[in-house]
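Understanding the architecture of this molecule
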Amino acid sequence: MTDNGYDERECSCPRDFYQRPELNTSLFFADCSRSIDFVLAYKINLHEPTEAENAEKRRVFQENLINQGLEVEFSEKEQIYFVKIHAPLEVLRRYAEILKLRMPMKESLCNLRVHARSNRLHNAAHYLSKKVCQRVQIPGLAVVNRSTKSVFSSLKSVCQSFLRNIYVDDKIFPKRAHRFTAIYSRDKEYLFDIRQDCFFTTAVRSRIVEFILDRQRFPAKRHNEMAFGIERLVAEGVYCAAYPLHDGEITEVGTMRELLYTNWASVKKWYRYQPLDDIKEYFGVKIGLYFAWLGYYTYMLLLASIVGLICFIYSWVSLKNYVPIKDICDRSNDNITMCPLCDWCEFWKLRETCTYAKITYLIDNPSTIFFAVFMSFWATLFLELWKRYSAEITHRWDLTGFDVHEEHPRPQYLARLEHIEPTRTDYVTNIKEPTVPFWRMKLPATVFSFSVVLLLIALAFAALVGVVAHRMSVLAALKVNGSNMTTSNAIVIASASAAFVNLCVLYVLNYLYNHLAEYLTELEMWRTQTQFDDSLTLKIYLLQFVNYYASIFYIAFFKGKFVGHPGKYNTLFEHRQEECSSGGCLTELCIQLGIIMIGKQAFNTILEVYLPMFWRKVLAIQVGLSRLFSNTVKPDKTKDERWMRDFKLLDWGARSLFPEYLEMVLQYGFVTIFVAAFPLAPFFALLNNILEMRLDAKKLLTHHKRPVSQRVRDIGVWYRILDSIGKLSVITNGFIIAFTSDLIPRFVYRGLYSKDGTLNGYLNFTLSKYQIEPSNNSSITSCMYSDYREPPGSRNQYELSSTFYIILACRLGFVVVFENFVALVMILVRWCIPDMSVELRDQIRREVYITNEIIIDQEAQRARFERAKRSYSMRDPSENEVDAASVDEPNAKFLKIERLMNPNLSEIEMDTIIHGDNKTTGISGADC
C-alpha cells in the first residue's frame, strides 16, 4: 500500500543520520571521522602477467580518483583487498552543482509556510451549521444534533482505530518535514546550510562518488575507446565489486536497514502502508517510485478483485438455472452424435461435454459484459489517479522541475564518439558534444536492430505453431489409443499440457530476448541512460508481448474460426485446423490464460525467494575457498567489518528494476486485455502482489548490496506501455465478448427466434446437421456440428445460413457500440480527473514564488553590503581614528546595521554575508 502525506513539524533529517547508542566504526575510515561513501574490492590474480596489467589499471584509476579530490584508504581481509572511498565536502559541493541537485534550503530562510486552500463547500456547511441553525429555532433540533454527533463520533473513532492499523506508524517512521529546495550552486551557497551533517545524505554521497567512478579512465594494451569507468573494470575482473555500504545488519537495532526489514519487508506487515519517504531516502528515488507504483497498483486491484469475485459468485449461483446446460446434461439428449473434432478423432456424444459446458458458463455469462466494461473504466481510472498521485510524490521528493535533458551523456556514448569532433552544443549545460553520424552509424544500427527484432518475433510465432502441434497430437493420442476418457476431459488435458509446454518455451525464449535486446540497444547510440532504458524497455516488452500473448490471441480470435465444415474442411499443411468444442474456445482461453499467468507468477516468486539464497551460498563458498587456500583461520562473524559483510551480498545492478516492472506490466496485460475470459485474474494478481511487494523488499534488504541512489522523474516508458495496454484492452474485450463468447447468439435467439423469450431450444439452434454416406463400418448416418449452415438436402446445403449473417451483423454492431461507449466514458474520466490537483498546482507555484523571493532578497542584501564596504573603504583614513583592537569595526558596523534591518538572521548567515561564499568549514560524513 502507499503512504500519502507529510507533516511540516516532524523529522527533517534522514533516519540514517540519527544518533545511535553505539557507533559502527566500520562505516568510517580509521580516524573514525570520515565516512566510507563507496567501496571497491579486488583479489590478486594468480596469473602474474594478468595481475601486473590489472595492478597498473588499478593504480592509474585510483590516482585519477585522488586527482578528482576523493580520499581513499586501503584494507585487506582474507585475501580480499578493499579500497574505501570518502568524498570530502569540496568534492560534494562541486559535483552537486554539476549534477544540478535540488538541496534543502535553510530553515531560517523558509519561514513562510504554504497554507492549504480552503474548501468552499466545507466552509458553507460549517457556516450553516454554526450560524443559521443557531438563529432558526427548530423543535428537537438540539436533540437530533446531539444524537447525530454521538453516532458520527462513534463511527469516526471506529474508522480511525481501524485505519491506524493500516497507515504507517508515525512512532516508527516519523513524518518528514517539507523543506523548500533549490538547485545547488556554490554562487548561492548562502541559501543552504552545508554545515548540517545531514545536508549531503549517504544516498547523495554515494551517487556523487559513482558519477566520478563512471568517468575515470584506465590504461589499455591498445587504444580502446571504452577503457573507462568502474563498470568496465568490474567486467574485466580488475575489481570484484563496487558498492556503497548498508548502515548496519538487519538485526542491528537502531539502523534504518533493520527498521525497514522489521516493519516493511515482513510478510506479516502485508496490510500496512509502505513508508515511502524512508524507502526513498535509503534506496533512492528510482526504487522508491517503483514501490510507490506497485503499492498503488495493488491498492487499485482490491476494487477490481471484489467486483470480479461478485461476478464469479453470480455465475456460480445462476448456473443451475441455465437452460442450455440442462439440455446438454439431460440424459434424453444422449442420442446427439457430434462430428469428429480432428482427423484422428471419432464421433462423440454431446452429453460428454456436460462438465466442460458448466465451466464455460462460469466465464461466459451476462456478468461478463458488465465486468469487461468495468475493467476498461478501471484501467483508465487507475492510470489517471496514478498520474495525480505521482504528481504529489514528484513534488514531495523535489522532482517537479527535473528534466531528462539535465542528464549527462552516458560514458559509453561519449567513448564511442571520442574520435568525432564536438559539433552540438547542449542547451542545458552549454557544453559542446559530438553528434552521432546518421548515415554511417545511426541508420545502419537502427535497421539492423529492427531486422533482428522482426526475426525474434517470427521465432515466437514458430514456437506457437509448435505448441499448437503439441496440443493436436495430445488430443489425437488420447482418442486413438482407445482411452475411455470423455471428449471434454481430453480437450481440457490437451489444453493444460500445451499451456505448460508453452510456459516452459517462454522462459527459454525470454533468456535469449533479454541478451539480444541489450546488445541491439547499445548499438543504437542513445545519449542518456533514460533514453537507453526506454529503448531497451520497448524492445523487450514487444518481444515479451508476442511471446506471452501470441498463444492467447490465437485461441481467442483464430482457433476454430476458419475450419470449414464436415466434408469440406479447410486444411493447413494437409491437416485440418484446430476446432473448438461445442461451447466455443472460451474455456480453453481461460485455461491457457490461468496457467500462464498463475504459473508464471508462482515460478517467479519461487525464483525470487530461493535464487538469491542460492547465489549467496555460492559466493560464501568462494570466500570460504579463498580462506582455505590462504591458510587463514575463519574469523568470528561478529567481527567482520561492514565492507566485508556487504561484499558477500549480491550486486543489485543498474537495471535490476527492469524485470520487476516487466513482470508487473505483463500481469497488468493479463488483468486487462483478456479479463473477459478470466474474471478471477484481478484476484490472483492481488494475492501475488501483496506477497511480491514484501518479497522484493526483503530481497533488496537481505540479499543485495545497497543500490546507488538514482534520480528519475516518473516510471518512464512503462506509463506509455500501460496506457497502450488499457486502450488495447477495450478492443480485445469487445471482440472476445462478440466473437469468442456465446453472448451475442443468445441475445439474437431470445429476440428473434425464441417463442417465449427464453433459451428453450437454444442448443438445437446452435447445431447444424451433416449427412454421412452409408458405410459398412459404421451405423452412424448423420452427425451434428457447431455452426449456422443450411441443412442437407436444401438448395444451398452446407452453405452459411441467413442466421449466420444476422448474428455476424449483431456481433459487429456490438463491437462498434461497446468500443464507442467505453471510449467516450474513458475520455470523460480523463477530462474529469486532472493530472495535478488544483491545491498541488497552487502549492508548487507558491513555493516557486517564495524561493525566488528568498533568492532576490538575499542577493539584494549581499549587494547592499558590497556597496557599503566599498564606500567605507573609500573614506579618508584620518576620519577613522581607531586603534589596533578595532580592526574589525567595519564588519561590526555592517553587522549592526543589518541586524537592525533583518533581526531574524543568524550569526552564521551574517558571517556568510560579510565574508562571502568562500568561507566554508569541513564536516565529517556522519556524527562520531
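Structure: above.
Residues numbered from 1 in each chain as written. Predicted model: local features only at pLDDT ≥ 70, side-chain atom pairs only at ≥ 80, totals over all residues. Heavy atoms only, no water.

Focus on the environment of Met 784
Among the structural elements, Met 784 can be located in strand E16 (residues 782-786). Separated by 434 residues in sequence, Met 784 and Leu 350 have C-alpha atoms that sit 9.0 Å apart. Excluding residues that lie within four positions of it along the chain, Met 784 makes contacts with Ile 336, Thr 337, Met 338, Cys 339, Leu 767, Ser 768 and Lys 769. (Helix = DSSP H or I, 4+ residues; strand = E, 2+ residues; numbered from the N terminus. Contact = heavy atoms within 4.5 Å.)

Focus on the pairing of strand E2 (residues 71-77)
In terms of strand pairing, E2 meets strand E3 (residues 80-86) through 7 bridges, oriented antiparallel. Counted as the bridge partner of Ser 75 is Phe 82 from E3. Turn length for the E2-E3 hairpin, with the two strands adjacent in sequence and antiparallel, is 2 residues, and the turn residue Glu 78 shows positive phi of about 55°. (Pairing = 2+ DSSP bridges.)

Some points on the nonpolar core
One finds Trp 293, Tyr 297, Trp 378 and Tyr 549 to be the most contacted residues of the largest nonpolar core, which totals 136 residues. It is helix H9 (residues 285-318) that provides the largest number of residues to this core, a total of 15 residues. If sequence neighbours within four positions are ignored, Trp 378 has contacts with Tyr 297, Met 300, Leu 301, Ala 304, Tyr 668 and Thr 672. One finds Phe 38, Leu 40, Tyr 190 and Phe 211 within the second-largest nonpolar core, a separate group that totals 43 residues. (Core = buried A, V, L, I, M, F, W, Y, C linked by side-chain atoms within 4.5 Å. Buried < 20%, exposed > 50% of the residue type's maximum accessible area, 1.4 Å probe, protein only.)

Here's the deal with the sheet that holds E2
Judged by pairing direction, the sheet is antiparallel, and its 4 strands sit side by side in the order E2-E3-E1-E6 without closing on themselves. Across the chains shown, the open sheet's two edge strands, defined by having one partner strand only, are E2 and strand E6 (241-243). Sheet twist, expressed as the mean angle between neighbouring strand axes with direction ignored, is 20°. As judged from the 6 bridges shared by strand E1 (residues 38-43) and E3, these two strands associate in the antiparallel manner. Each bridged residue has a counterpart across the sheet, and for Phe 38 the counterpart in E3 is Ile 85. The strands touched by helix H1 (residues 48-67) within the sheet are E1, E2 and E3, with E1 carrying the most contacts at an inclination of about 165°. Lying on the sheet, helix H5 (residues 202-213) is in contact with E1 and E3; it crosses E1 at an angle near 50°. (Axes fitted to C-alpha atoms, helices over the stretch in contact; angles between N-to-C directions.)

Notes on the packing of aromatic side chains
Going through the model one piece at a time under the given rule, you end up with 55 aromatic pairs. Ring geometry for Trp 378 versus Phe 382: centroids 5.6 Å apart, planes at 10°, classification stacked. A residue pair is termed a helical-turn pair when its members lie 3 or 4 positions apart in one helix, as Trp 378 and Phe 382 do in helix H12 (residues 367-396) at 4 residues. Residues Trp 378 and Phe 382 agree in their burial class; the two are buried. For the ring pair Tyr 541 and Phe 545, a centre distance of 6.0 Å and an interplane angle of 55° mean the geometry is tilted. With Tyr 541 and Phe 545 both in helix H16 (residues 529-557) and 4 residues apart, the pair spans about one turn of that helix. You'll find Tyr 541 and Phe 545 in the same group, each marked buried. One Lys or Arg, Lys 705, reaches over the ring of Tyr 243 and ends 5.4 Å from the middle of that ring. In this arrangement the basic side chain of Arg 706 is found over the ring face of Tyr 282, its NZ or CZ atom lying 3.9 Å from the centre. (Phe/Tyr/Trp six-rings, centres within 6.5 Å; stacked < 30°, edge-to-face > 60°. Lys NZ or Arg CZ within 6 Å of the ring centre and 35° of its normal.)

With respect to the packing of H12 against helix H19 (residues 657-673)
Put simply, H12 and H19 touch, their axes get as near as 9 Å, and they point 140° apart. The segment H12 lies against H19, with Met 375, Trp 378, Ala 379, Phe 382 and Leu 383 engaging Tyr 668, Val 671 and Thr 672. Taken together, the residues of the contact of H12 with H19 break down into 7 nonpolar, 1 polar and no charged. (Nonpolar A, V, L, I, M, F, W, Y, C, P; charged D, E, K, R; others polar.)

Thoughts on the environment of Glu 660
With respect to the helices, strands and loops of the structure, Glu 660 is situated in helix H19. In this structure, the C-alpha to C-alpha distance between Glu 660 and Tyr 290, residues 370 residues apart in sequence, is 8.8 Å.

Quick notes on the pattern of salt bridges
This model, assessed by the stated rule, comprises 34 salt bridges. With a closest N to O distance of 3.0 Å, Asp 37 and Arg 205 form a salt bridge. On the criterion of sequence distance, the pair formed by Asp 37 in the segment before E1 and Arg 205 in helix H5 is long-range, its members being 168 residues apart. Taking relative accessible area as the criterion, Asp 37 reaches 5% and is therefore assigned buried. Connected via shared salt-bridge partners are Glu 384, Lys 387, Asp 723, Lys 727, Arg 830 and Asp 835. (Salt bridge = Lys/Arg side-chain N within 4 Å of Asp/Glu carboxyl O.)

From the geometry alone we can't say anything about function, so treat these as descriptive.
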